[in-house]
Amino acid sequence: MESMPPFLLTAGVLLLAVLLYRVLRRKPEDAQGNPTSPPPDPAPVDRLERLLEEHRLGRCTDVFLVLGLDAWVRDALDASQGIPARRLTSVEVMQRSGKAMAAAPNALDSLERLFGLGDRVKFGAHPPCPEEVREALAAALVLGRALAEREPA
């Protein structure tokens, strides 16, 4: 018996891989066959409280607290102002949020301090000292209050 040509074997393996990929990539469905959506993101205040509690209990390092505060502020900017802050650099976020926070100059200063520390932690492997962590927390709270007082975009 003659063996299969190599291109047929390769085509069969590729077809099997594509089918397997499609089956594994299917979205979950409920009992009626309707696609289910992911659970809603917890409220921003709940996320912040959970992050702070994890840090207080020692389950979240200072580095992860700063990164979490940075992400929390970026998500809050997205939700309240429509700024896609997770996809922008810190400088771009500062430029876009300047108009949105013109009425609260201390909020802009807080945003600059928090993003500056976040960038040093993310890209410079800078371990924040306790004073920087306190400042980052204070900045996040100022920003949270400023964003909560503004109307959504």
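The structure displayed is predicted, hence computed values, not measured ones. (Residues numbered from 1 in each chain as written. Predicted model: local features only at pLDDT ≥ 70, side-chain atom pairs only at ≥ 80, totals over all residues. Heavy atoms only, no water.)

**What to know about the overall build of the protein chain**
Turning to step 1, where the next piece is worked out: Looking only at helices and strands, the protein chain features six helices and zero strands.
Turning to step 2, where the next piece is worked out: When the helices and strands of the protein chain are placed in sequence order, the string is α-α-α-α-α-α.
Turning to step 3, where the next piece is worked out: Each of the 153 residues in the protein chain was classed as buried or not, and the buried ones make up 29%.
Turning to step 4, where the next piece is worked out: Summed over its atoms, the accessible surface of the protein chain is roughly 10,700 Å², and 61% of this surface lies on carbon and sulfur atoms. (Helix = DSSP H or I, 4+ residues; strand = E, 2+ residues; numbered from the N terminus. Buried < 20%, exposed > 50% of the residue type's maximum accessible area, 1.4 Å probe, protein only. Areas by Shrake-Rupley, 256 points an atom, 1.4 Å probe, with all protein chains shown as cover.)

**Here we look at the packing of helix α3 (residues 62-81) against helix α5 (residues 105-124)**
Turning to step 1, where the next piece is worked out: At their nearest, the axes of α3 and α5 sit 9 Å apart, and the two run at 130 degrees to each other. Here α5 runs oblique to α3, going by the angle between their axes. The hand of the α3/α5 crossing is left-handed. Counted together, Val63, Val66, Leu67, Leu69, Asp70, Val73, Arg74 and Leu77 of α3 and Leu111, Leu114, Phe115, Leu117, Gly118, Asp119, Val121 and Lys122 of α5 form the full contact between these two elements.
Turning to step 2, where the next piece is worked out: Tallied by class, the residues present in the contact of α3 with α5 amount to eleven nonpolar, one polar and four charged. (Axes fitted to C-alpha atoms, helices over the stretch in contact; angles between N-to-C directions. Parallel < 35°, antiparallel > 145°, perpendicular 65-115°, else oblique. Left-handed = near helix turned anticlockwise from the far one by under 90°. Contact = heavy atoms within 4.5 Å. Nonpolar A, V, L, I, M, F, W, Y, C, P; charged D, E, K, R; others polar.)

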